[in-house]
Amino acid sequence: MAMFELSPDEWTAVQLSLRIAVWATIVSLPFGIAVAYVLARKEFWGKALLDGIVHLPLVLPPVVTGYLLLISFGRRGPVGAFLDDWFGIVFSFRWTGAALACGVMAFPLLVRAVRLSIEAIDRRLEQAAATLGANRSLAFLTVTLPLALPGIIAGMVLAFAKALGEFGATITFVSNIPGQTQTISAAIYTYTQVPGGDAPALRLVAVAVAISLVALVVSEWFARRAGVRLHGD
Amino acid sequence: MLSLDVEKRLGAFQLAAKFETEARVTALFGPSGAGKTTIINMIAGLVAPDRGRIMYRGKLLFDAAGKVNLPPHRRQFGYVFQDGRLFPHLTVRGNLEYGRRMYRLKRDAGELERIVAMLDIGHLSDRRPGKLSGGERQRVAIGRALLMRPQLLLLDEPLASLDAARKAEIMPYLERLRDEAEVPMLYVTHQADDARRLATTVVRIEAGRVAAVGGLELLNAVPRQSQL
């Protein structure tokens, strides 16, 4: 059975990956919903530009995104230096940096899913809410958000999966330091580069498959429950 | 009570409406596309006029010159839409109580019971709108608009999407509403018969203009193509 047991190093990589993916998903969620709402419901100057910037990580080579993060959020980068000086937040070569990279890479998937579900909601329901006494934010919280829930869940799962598997931007931005920034993907890559690394690589592959399957099943369950609520019992 | 004098341009369509009414039930009567829905959307605050002003019970709701535009959630006008627009994620009860919650009104069990009984929707409480018939949906929509204790009730062709049988099912409820509820109503319709059964004052709208304001006799004066 020893063959199937994770070594402490592998276990560390699994825990680190989960922590990074969970944080990347949760922290980007409010921003993702806000951007999706703005893109779905508002007309303004520069909307195409915002749309483009949000989708950029989807089309850029991940290494390019990682390098851009490195020169802006690194310790000497303009944003990184500011955050370090004023808030003591450091991204470079920390797990927080990995979470940032994963969050940025997953952001377009999150925004896309949420935006589509908001666009599918009849705006006239928001008008009805307004005549019933709801101001903009209340109408959003009590009508738009619950109706968009299936799309939000789908977006979160996509973002989580993307964050879990992110490799290029993460390794470029925060490198591949065991215990700090070595995620499952980076660990698998490392094991495939050394003699005798096949067994640990395979174990981590199995873990990655298992986590992804569980995430898919759970999200399917949530989405179906939310869908049932919307379309009758 | 209600007075408005507004103008609004919608593409090639020019709307200019001016009328006043003191009636308990006023029918906005005219053919489809005459601008009736736009007018009550302006009264509800969902559409802003380009020019003019709207007043209700001495209160200024909209004034282009003075830059007054009270948002819909501060007008407290009940609105029954042609297509119901119930919230699909809430139960009938959730829909009925939505307005009271948003306007932060005190819960009044007696009031809820009375309106639910008047509209005969008590047995539907736990259902979601997806499981209601068209007639039931409109009755819930009427109840939802009443339970926010509206200052004025706007009804935009609430029967238009229903077949004759369903219409006959709802009409008595509307008559009861007129006789029992103490809220003034503005009833949009293109059906002379509906207006005749409910209204006392008629505002006839034609091609974006108020053609006439008067009593029920205005409904008779409408030329019918088939009779010419």
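About the criteria used
- Residues numbered from 1 in each chain as written.
- Chains lettered and ligands numbered in written order.
- Predicted model: local features only at pLDDT ≥ 70, side-chain atom pairs only at ≥ 80, totals over all residues.
- Helix = DSSP H or I, 4+ residues; strand = E, 2+ residues; numbered from the N terminus.
- Buried ≥ 20, exposed ≤ 12 C-beta atoms within 10 Å, placed from the backbone.
- Contact = placed C-beta atoms within 7 Å.
- Rg over C-alpha atoms; globule rule 2.2 N^0.38 Å.
- Core = buried A, V, L, I, M, F, W, Y, C linked by C-beta atoms within 7 Å.
- Nonpolar A, V, L, I, M, F, W, Y, C, P; charged D, E, K, R; others polar.
- Pairing = 2+ DSSP bridges.
- Right-handed = clockwise from strand over helix to strand, strands pointing away.
- Axes fitted to C-alpha atoms, helices over the stretch in contact; angles between N-to-C directions.
- Parallel < 35°, antiparallel > 145°, perpendicular 65-115°, else oblique.
- Left-handed = near helix turned anticlockwise from the far one by under 90°.
- Expected span 1.5 Å × (residues − 1).
- pLDDT = per-residue confidence, 0-100.
- Bend = angle between axes of the 7 residues up to and from the residue.

## Comments concerning the overall build of chain A
Item 1. A tally of regular secondary structure across chain A gives 10 helices and 0 strands.
Item 2. Beginning at the N terminus, the succession of helices and strands in chain A can be written as α-α-α-α-α-α-α-α-α-α.
Item 3. Counting only C-alpha atoms, chain A reaches 70 × 45 × 30 Å along its principal axes.
Item 4. Evaluated residue by residue, chain A yields a buried proportion of 40% over its 233 residues.
Item 5. Pairs at least 24 residues apart make up 76% of the contacts formed inside chain A by residues separated by at least 6 positions.

## Notes on the overall build of chain B
Item 1. When helices and strands are counted, chain B shows 7 helices and 11 strands.
Item 2. A globule of 228 residues ought to have a C-alpha radius of gyration of about 17 Å, and chain B, at 18 Å, matches this closely.
Item 3. Dimensions of chain B, computed from C-alpha atoms along their principal axes, come out at roughly 50 × 45 × 30 Å.
Item 4. For chain B, long-range pairs separated by at least 24 residues make up 71% of all intrachain contacts whose partners lie at least 6 apart in sequence.

## Let's talk about the nonpolar core
Item 1. One finds Ala101 and Cys102 of chain A together with Leu28, Ile43, Leu154 and Tyr187 of chain B to be the most contacted residues of the largest nonpolar core, which totals 118 residues.
Item 2. In contact with Ile43 of chain B, other than residues within four places in its own chain, are Leu4, Ile54, Phe77, Leu154 and Leu186 of chain B.

## Some remarks on the environment of Asp179 of chain B
Item 1. Structurally, Asp179 of chain B is set in helix α5 (residues 164-180).
Item 2. For the pair formed by Asp179 of chain B and Lys131 of chain B, sequence separation is 48 residues and the distance between their alpha carbons is 30 Å.

## Observations concerning the interface of chain B and chain A
Item 1. Taken residue by residue, the interface counts 20 residues in chain B and 19 residues in chain A.
Item 2. Every element with two or more residues in the side of chain B that touches chain A is listed here: β7 (77-80) and α2 (92-102) of chain B.
Item 3. By residue number, the principal contributor to the side of chain B that touches chain A is α2 of chain B, which donates 3 residues.
Item 4. Its residues placed into classes, the side of chain B that touches chain A shows 12 nonpolar, 5 polar and 3 charged.

## Remarks on the pairing of strand β9 (residues 185-189) of chain B
Two faces make up the sheet, and in a regular strand the side chains alternate between them.
All names here are of chain B.
Item 1. Most of β9 is tucked away: 5 of the 5 residues are buried.
Item 2. Here β9 shows no split at all, with Met185, Tyr187 and Thr189 on one side and Leu186 and Val188 on the other all buried.
Item 3. Taken together, the 5 bridges between strand β3 (residues 25-29) and β9 define a ladder with parallel strand orientation. Paired with Phe29 across the strands is Thr189, a residue of β9.
Item 4. As judged from the 4 bridges shared by strand β8 (residues 152-156) and β9, these two strands associate in the parallel manner. By the bridge assignment, Leu153 is partnered in β9 with Met185.
Item 5. A crossover links β8 with its parallel partner β9, the connecting element being α5, and its sense is right-handed.

## A look at the packing of helix α1 (residues 8-41) of chain A against helix α5 (residues 95-119) of chain A
All names here are of chain A.
Item 1. For the pair α1 and α5, the least separation of the axes is 6 Å and the interaxial angle reads 40°. The orientation of α1 relative to α5 falls into the category oblique. In terms of crossing hand, the pair formed by α1 and α5 is right-handed.
Item 2. Tallied by class, the residues present in the contact of α1 with α5 amount to 22 nonpolar, 3 polar and 4 charged.

## What about the environment of Val143 of chain A?
Residues and elements named next belong to chain A.
Item 1. Among the secondary structure elements, Val143 is positioned in helix α7 (residues 136-165).
Item 2. Assessed through the 25 C-beta atoms surrounding it within 10 Å, Val143 is described here as buried.
Item 3. Sequence spacing of Val143 and Val209 is 66 residues, and the spatial spacing of their C-alpha atoms is 36 Å.

## Quick word on helix α4 (residues 134-146) of chain B
All names here are of chain B.
Item 1. The end-to-end C-alpha distance of α4, which contains 13 residues, comes to 19 Å, matching closely the 18 Å that a straight helix rising 1.5 Å per residue would cover.
Item 2. A large share of α4 lies buried, amounting to 11 of its 13 residues.
Item 3. Where α4 is concerned, the buried positions are Glu136, Arg137, Gln138, Arg139, Val140, Ala141, Ile142, Gly143, Arg144, Ala145 and Leu146.
Item 4. Of the surrounding secondary structure, the elements contacted by the buried residues of α4 are β7, α2, α3 (109-119), β8 and α5.

## Description of unusual backbone geometry
Residues and elements named next belong to chain B.
Item 1. Within the chain, Arg57 stands out as a residue other than glycine whose phi angle is a positive 50°.
Item 2. Relative to the elements of secondary structure, Arg57 occurs in the loop between β4 (51-56) and β5 (59-63).
Item 3. Looking at Arg57, the number of C-beta atoms within 10 Å reads 10, which means it is exposed.
Item 4. One non-glycine residue, Arg104, lies in the positive phi region at around 55°.
Item 5. Tracing the sequence through the fold places Arg104 in the loop between α2 and α3.
Item 6. On the basis of neighbour counts, which here come to 7 C-beta atoms within 10 Å, the residue Arg104 falls in the exposed class.

## Regarding the confidence of the model for chain B
All names here are of chain B.
Item 1. In this model, chain B carries a mean pLDDT of 89, and residues with pLDDT of at least 70 account for 96%.
Item 2. When the elements of chain B are averaged for pLDDT, helix α7 (residues 217-220) gives the smallest value, 81, and β7 the largest, 95.
Item 3. If you check the scores for this complex, the pTM reads 0.84 and the ipTM reads 0.90.

## Focus on helix α2 (residues 47-59) of chain A
Item 1. Taking 1.5 Å as the rise per residue, α2 of chain A with 13 residues should run 18 Å; its terminal C-alpha atoms sit 18 Å apart, in good agreement.
Item 2. Maximum bend of α2 of chain A: about 30°, positioned at Ile53 of chain A, with proline Pro57 of chain A one to four residues after it.

## Some thoughts on the packing of α2 of chain A against α5 of chain A
Residues and elements named next belong to chain A.
Item 1. Relative orientation of the contacting elements α2 and α5 amounts to 120°, with a least axis distance of 8 Å. When you trace α2 past α5, the crossing you get is left-handed. Side by side, α2 and α5 meet where Val54, His55, Pro57 and Leu58 of the first sit next to Val104, Met105, Phe107, Pro108 and Val111 of the second.
Item 2. Taken together, the residues of the contact of α2 with α5 sort by class into 8 nonpolar, 1 polar and no charged.

## Side note on the environment of Leu216 of chain B
Residues and elements named next belong to chain B.
Item 1. Here Leu216 is to be found in the loop between β11 (209-214) and α7.
Item 2. Overall, the presence of 14 C-beta atoms within 10 Å leaves Leu216 in the partly exposed class.
Item 3. Between the alpha carbons of Leu216 and Ala192 there is a distance of 9.3 Å; along the sequence they are 24 residues apart.
Item 4. Residues within four places of Leu216 in sequence aside, it is in contact with Arg196 and Val202.

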